[in-house]
Amino acid sequence: MLEKLDLTKSLSKAEYKEKMAELMPRLGKLQRECRRFGIPVMIAFEGYGASGKGVQVGELIKALDPRGFEVYAVKNETEEERLHPFMWRFWTKMPAKGRFAIYDSSWYRKVLIDRFDKKTKKQELADAYRSICSFEEQLTEDGMVIIKIFLAIDKKEQKKRFDRLLASKETAWRVSEGDLKRNKEFEKYQNFNEEMFMRTDTEYAPWNIVEAVDRKFATAKIYAIVAQTLAEKVEEARKREAIKEKGKKDREAQSIPGDITETQEEGASKQDWKMKESILGKADLSLTYTKEEYKERLKKLQKKMEKLHGELYRRRIPVVLGFEGWDAGGKGGAIKRLTEKMDPRGYVVHPTASPNDIEKAHHYLWRFWVDMPKAGHVTIFDRTWYGRVMVERIEGFCSRQEWQRAYREMNDMEKDLADAGAIVLKFWMQIDKDEQAKRFKARQENPEKQWKITDEDWRNREKWDQYEAAVDELLIRTSTPYAPWIVVEGNCKYFARIKVLETVVEAIEKRLDKEMQKNKK
């Protein structure tokens, strides 16, 4: 593909001025339209060394309001970034709705420069490409515009530009040993780029190749690509707005209260759910420990956990624990006993509430990615990303299409964590309806625990059957070998706390044993 490009394409000064006089104000207007419609935009620049990525980023932002974009120069990973999955640093640099993020080099570094430098091993490539495609698909399905631009020059032109930079002390620093090596082995590096196009040129995030020998031609073409892409997305948003407004007026004219919600549909078919076998219904809630048994087991397990936590840090193994369950199901009590003897410097517990305005302006997984642990640390989520397929689904806070694709998105995120070496465990704290009522009543009667019970807890109880059906579905669709669900029988709090501790201890010991076996080879 790349060797077939016509790199002689150019523009005269007069042609360039004429085109840019039309394109620059157009792009500025489109940025304002994106802000109005809440369209987030990511523009990734890739290309050969000395192809002009930095120059072209500088040219592009001349048309943009600086209050509405950020530019990221993606170089070698920092120490902090190395301690996370490789996509973490791009999730944390994601633009909010209506804003632009521009990347001078991007997430493709992993399969290009890092691959050439042998930092990315051959066996890691398949997972890296999977992560990249999943990342782009998730974001675009959520409304992100991803524009990928590749600046192409040939080997001879690249060498000429390197020589020019090396001739001056003021610019010689811009040419690295790696740049010169890639020029020397230009054909090999070009093959890596060809493979990248083949594996990541998708309908939702296509590549745009720009002939970059002539700077003016490249600038004008980049402007045209970005403007055309944004114009199409703005027009789509305008049509959606018109359809939505028309639907609203039609309903008002006919005095119809609104569309049937997902909740109403499910409520109308409760009987259907009763015909289905329930995974949660299989939990043996009679399982119990006496207080004496509980204390004895708790002491031994917490002592183990204290020691294992130190080993996790020493061996740089991250751990992600997610807790879901019925209201009053015992999540807080289990987390408290799990962490009681752990070093507080090495773990954090995130209680997940309704998303705030900043979080709503991003992809729903963004706030969880931001809080993922670095290597050697433990992050515990008291309620998780699975709210998407439970409360958001049942209460109508997201569309059917959004929650249905969320299963795949969550599996992909957990695969990224596991591929980066994390232990990922997810707990569902199971109690029955009678036990929940008993705990609700106890909370209401105890002044020190009244804060734990809200009107919303009682409302959610009325939708027990719908939540049970949703939980059964998520357990089936998202319990994987790399991120399993563990249903914790929780009518007896003692039993539940011990099962959580035993499960975590067993998973860590299994991983440490695997690490030891690997080191022996």
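One can find the structure itself at the top, above this paragraph.
Residues numbered from 1 in each chain as written. Predicted model: local features only at pLDDT ≥ 70, side-chain atom pairs only at ≥ 80, totals over all residues. Heavy atoms only, no water.

Draft legend 1. Local environment of the nonpolar core. In this structure, Ile 43, Trp 107, Leu 230 and Trp 385 are the most contacted members of the largest nonpolar core, which totals 110 residues. The element contributing the most residues to this core is helix H10 (residues 215-254), with eleven residues. Leave out the neighbours within four places in its chain, and Leu 230 touches Leu 27, Leu 30, Cys 34, Val 41, Phe 100, Val 145 and Ile 147. The next biggest cluster of nonpolar side chains, apart from the first, holds 34 residues, and it includes Met 305, Leu 312, Val 319 and Leu 512. (Core = buried A, V, L, I, M, F, W, Y, C linked by side-chain atoms within 4.5 Å. Buried < 20%, exposed > 50% of the residue type's maximum accessible area, 1.4 Å probe, protein only. Helix = DSSP H or I, 4+ residues; strand = E, 2+ residues; numbered from the N terminus. Contact = heavy atoms within 4.5 Å.)

Draft legend 2. Structural detail: the sheet that holds strand E3 (residues 100-104). Within the open sheet, the five strands sit side by side as E2-E3-E1-E4-E5. Their pairing is parallel. Each edge of the open sheet carries a strand with a single partner, namely strand E2 (69-73) and strand E5 (207-211). Strand-to-strand, the axes of this sheet are offset by a mean angle of 20 degrees, without reference to chain direction. Bridge analysis of strand E1 (residues 41-47) against strand E4 (residues 145-152) gives seven bridges, and the strand direction is parallel. Paired with Gly 47 across the bridge in E4 is Leu 151. Against the sheet, helix H6 (residues 125-141) touches E1 and E4, its axis set at about 135 degrees to E4. (Pairing = 2+ DSSP bridges. Axes fitted to C-alpha atoms, helices over the stretch in contact; angles between N-to-C directions.)

Draft legend 3. Geometry of the packing of helix H18 (residues 400-419) against helix H21 (residues 464-478). One can describe the packing of H18 onto H21 by two numbers: an axis separation of 10 Å at closest approach and a directional angle of 40 degrees. Classified by the angle their axes make, H18 and H21 are oblique. In the packing of H18 onto H21, the handedness of the crossing is right-handed. Across the interface between the two elements, Trp 403, Gln 404, Tyr 407, Asn 411 and Glu 414 from H18 touch Glu 473, Leu 474, Arg 477 and Thr 478 from H21. Looking at the contact of H18 with H21 residue by residue, the classes come out as three nonpolar, three polar and three charged. (Parallel < 35°, antiparallel > 145°, perpendicular 65-115°, else oblique. Left-handed = near helix turned anticlockwise from the far one by under 90°. Nonpolar A, V, L, I, M, F, W, Y, C, P; charged D, E, K, R; others polar.)

Draft legend 4. The arrangement of the pattern of salt bridges in detail. Tallied over the entire structure, the rule returns 52 salt bridges. Between Glu 33 and Arg 238 there is a salt bridge, and its shortest N-O distance comes to 2.5 Å. Of this pair, Glu 33 sits in helix H1 (residues 13-37) while Arg 238 sits in helix H10, placing them 205 residues apart in sequence. Look at Arg 238 and you get partly exposed, because its relative accessible area is 33%. Across the salt bridge formed by Glu 395 and Lys 463, the nearest N and O atoms sit 2.8 Å from each other. Within this pair, whereas Glu 395 is found in the loop between helix H17 (391-394) and H18, its partner Lys 463 is found in the loop between helix H20 (455-461) and H21, the two being separated by 68 residues in sequence. Put simply, Asp 127, Arg 130, Asp 412, Lys 415, Asp 416 and Asp 419 are held in one network by salt bridges that share partners. (Salt bridge = Lys/Arg side-chain N within 4 Å of Asp/Glu carboxyl O.)

Draft legend 5. Looking closely at the sheet that holds strand E7 (residues 347-351). The five strands lie next to each other as E7-E8-E6-E9-E10, forming an open sheet whose pairing is parallel. Strand pairing shows two members of the sheet lacking a second neighbour, E7 and strand E10 (485-489), which therefore form its edges. Going from strand to strand, the sheet's axes swing by 20 degrees on average, the running direction of each strand aside. Pairing of strand E9 (residues 423-430) with E10 involves five bridges; the strand directions are parallel. Looking at E10, one finds that Phe 427 is bridged to Ile 486. Seen against the sheet, helix H14 (residues 331-339) touches strand E6 (319-325), E7, strand E8 (378-382) and E9 and runs at an angle of roughly 155 degrees to E6.

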